[in-house]
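Okay, here's what each chain looks like letter by letter:
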Amino acid sequence: MRHLLDTRTLRREDAIRILDVAEDMADTQSREVKKLPTLRGKTVVNLFFEDSTRTRISFEAAAKRLSADVINFAAKGSSVSKGESLQDTAQTLQAMGADAVVIRHGASGAPRTLATSGWIEAGVVNAGDGTHEHPTQALLDAFTMRKRRYGADSRGRDLSGFGVTIVGDILHSRVARSNVWLLHTLGADVTLVAPPTLLPQDTSAWPVTVRYDLDQAIADEPDALMMLRIQLERMNAAYFPSEREYSRRWGLDARRLASLPEGSIVMHPGPMNRGLEISAEAADSPRSTVLEQVKAGVSVRMAVLYLLLTGQNTSTTEEER
Ligand code: CP
């Protein structure tokens, strides 16, 4: 694998390979083998132009558990505030010996630009770009769903017939987009639920069912209900219902939690707006996989860095193979 830029073009066999390697990584962690020598001598740069807790820290933990050296770069406090370009920033980090660059950027397409511009030789991993994609989030979500469905017998399996309902601010969500494409590739049935103003125009071309009523979607008995963060920082007040109205119609409260079928799980990529899209009862309930997802994030990112930096034959597109 040369780069991981999206899930839209990730092949089924490559997605399964990443999830299977992540299973191996999780196994080593559960056996208290905290550190593997696999990436000794390699350098991973975390290049974050937007804030992050889970993604940045788990990439750092993943790289360190594989014995790679890690350089953390945050745009805040760097020469980016003096106007330094993405090209000059990336080339500076390449000159320091980066083998892989994990990039989060507010502009959709920034990771692809970095990967295809010829500015750097390092492999590129998209850690979230604008409203475009967040592929490792979707992979860790799929890892969590597969584990819940198949337990210790997950390897080699996809998510055929698994019903996933994604609820909330689809419009601004790179997590939703990456999940839609990956879940479709893995055979899951995806439903989106949102106020009409928080759905992108082009969902008619997506492999999903669209609903506007959360209670009706819950009555369809999904295997997983994925609540999305309302991205208030990207919101234009003109098209957002009031927080009270949103919470009443599209929030996961105690009543809706109780109406979920037995065995169905509640997911959230984090960070959560407790009391808005998800109640504390739901976030902290035994059905919630929120912390399981965070833990899966380290294993999945170990797998991605391992496959990227050892040149394993997994690829996202023909051009990058
Ligand atoms: N889910 C996610 O991307 O969280 P962070 O923004 O904290 O990395």
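The name that an unreviewed UniProt entry assigns to the chain is Aspartate carbamoyltransferase, with the source organism given as Microbacterium stercoris. Under Subunit (unreviewed entry), UniProt gives the following word-for-word description of the chain: "Heterododecamer (2C3:3R2) of six catalytic PyrB chains organized as two trimers (C3), and six regulatory PyrI chains organized as three dimers (R2)."

Throughout the structure, instances matching the rule amount to 2 cavities of 30 Å³ or more. Taken as a whole, the largest cavity spans an internal volume of roughly 70 Å³. Secondary-structure elements contributing two or more residues to the lining of the largest cavity are helix H2 (54-65), helix H5 (135-150) and helix H11 (290-309). Here the lining of the largest cavity gets 4 residues from one element, more than from any other, and that element is H11. Residue composition of the lining of the largest cavity, by class: 3 nonpolar, 5 polar and 2 charged. Both domain 1 (12-134 + 294-320) and domain 2 (135-290) contribute no fewer than three residues apiece to the lining of the largest cavity. Put simply, the second largest cavity is a space of about 30 Å³. Around the second largest cavity, the lining residues are Leu-5, Asp-6, Gly-109, Pro-111, Arg-112, Asn-126, Asp-129 and His-132. At the level of secondary structure, the elements contributing two or more residues to the lining of the second largest cavity comprise helix H4 (110-116) and strand E4 (123-129).

Close to the ligand lie Ser-52, Thr-53, Arg-54, Thr-55, Arg-104, His-134, Gln-137, Pro-269 and Gly-270. His-134 places a side-chain nitrogen or oxygen 2.9 Å from an oxygen atom of the ligand. Between the ligand and Gly-270 there is a distance of 3.1 Å, counted from a nitrogen atom to a backbone nitrogen or oxygen. Because more than half of its atoms lie within 2 Å of the grid, the ligand is assigned to the largest pocket. Residues of the shell around the ligand, tallied by class, amount to 1 nonpolar, 6 polar and 2 charged. In this structure, the shell around the ligand is formed jointly by two domains, domain 1 (12-134 + 294-320) and domain 2 (135-290), each of which donates at least three residues.

In the contact formed by H2 and H11, the axes pass within 8 Å of each other and the chain directions differ by 55°. Overall, the two elements H2 and H11 adopt an arrangement that is oblique. Regarding H2 and H11, the two cross each other, and that crossing is right-handed. Only Val-294, Gly-297, Val-298, Arg-301, Met-302 and Leu-305 of H11 make contact with H2, whose side of the interface consists of Arg-54, Thr-55, Ser-58, Phe-59, Ala-61, Ala-62, Ala-63 and Arg-65. Here the contact of H2 with H11 is composed, by residue class, of 8 nonpolar, 3 polar and 3 charged.

Before going further, it helps to spend a moment on the environment of Ala-75. Structurally, the position occupied by Ala-75 is in the loop between strand E2 (69-74) and helix H3 (86-95). On a C-alpha basis, the gap between Ala-75 and Arg-234 in space is 19 Å, while along the polypeptide they are 159 residues apart. With near-sequence residues (within four places) excluded, Ala-75 lies in contact with Phe-48, Phe-49 and Val-80.

Rules used throughout
- Residues numbered from 1 in each chain as written.
- Predicted model: local features only at pLDDT ≥ 70, side-chain atom pairs only at ≥ 80, totals over all residues.
- Heavy atoms only, no water.
- UniProt positions renumbered as here; feature names shortened; annotations may be inferred.
- 1 Å grid on protein atoms, 1.4 Å probe; cavity = no way out; pocket = protein on both sides within 12 Å on 5 of 7 lines; lining within 4 Å.
- Points joined across faces, edges and corners; volume = space filled by probe spheres on them.
- Helix = DSSP H or I, 4+ residues; strand = E, 2+ residues; numbered from the N terminus.
- Nonpolar A, V, L, I, M, F, W, Y, C, P; charged D, E, K, R; others polar.
- Domains from an automatic or database assignment.
- Near = heavy atom within 4 Å.
- Polar contact = N/O pair within 3.5 Å; in protein donor to acceptor, adjacent residues only side chain to side chain.
- Sits in = over half its atoms within 2 Å of the grid points.
- Axes fitted to C-alpha atoms, helices over the stretch in contact; angles between N-to-C directions.
- Parallel < 35°, antiparallel > 145°, perpendicular 65-115°, else oblique.
- Left-handed = near helix turned anticlockwise from the far one by under 90°.
- Contact = heavy atoms within 4.5 Å.

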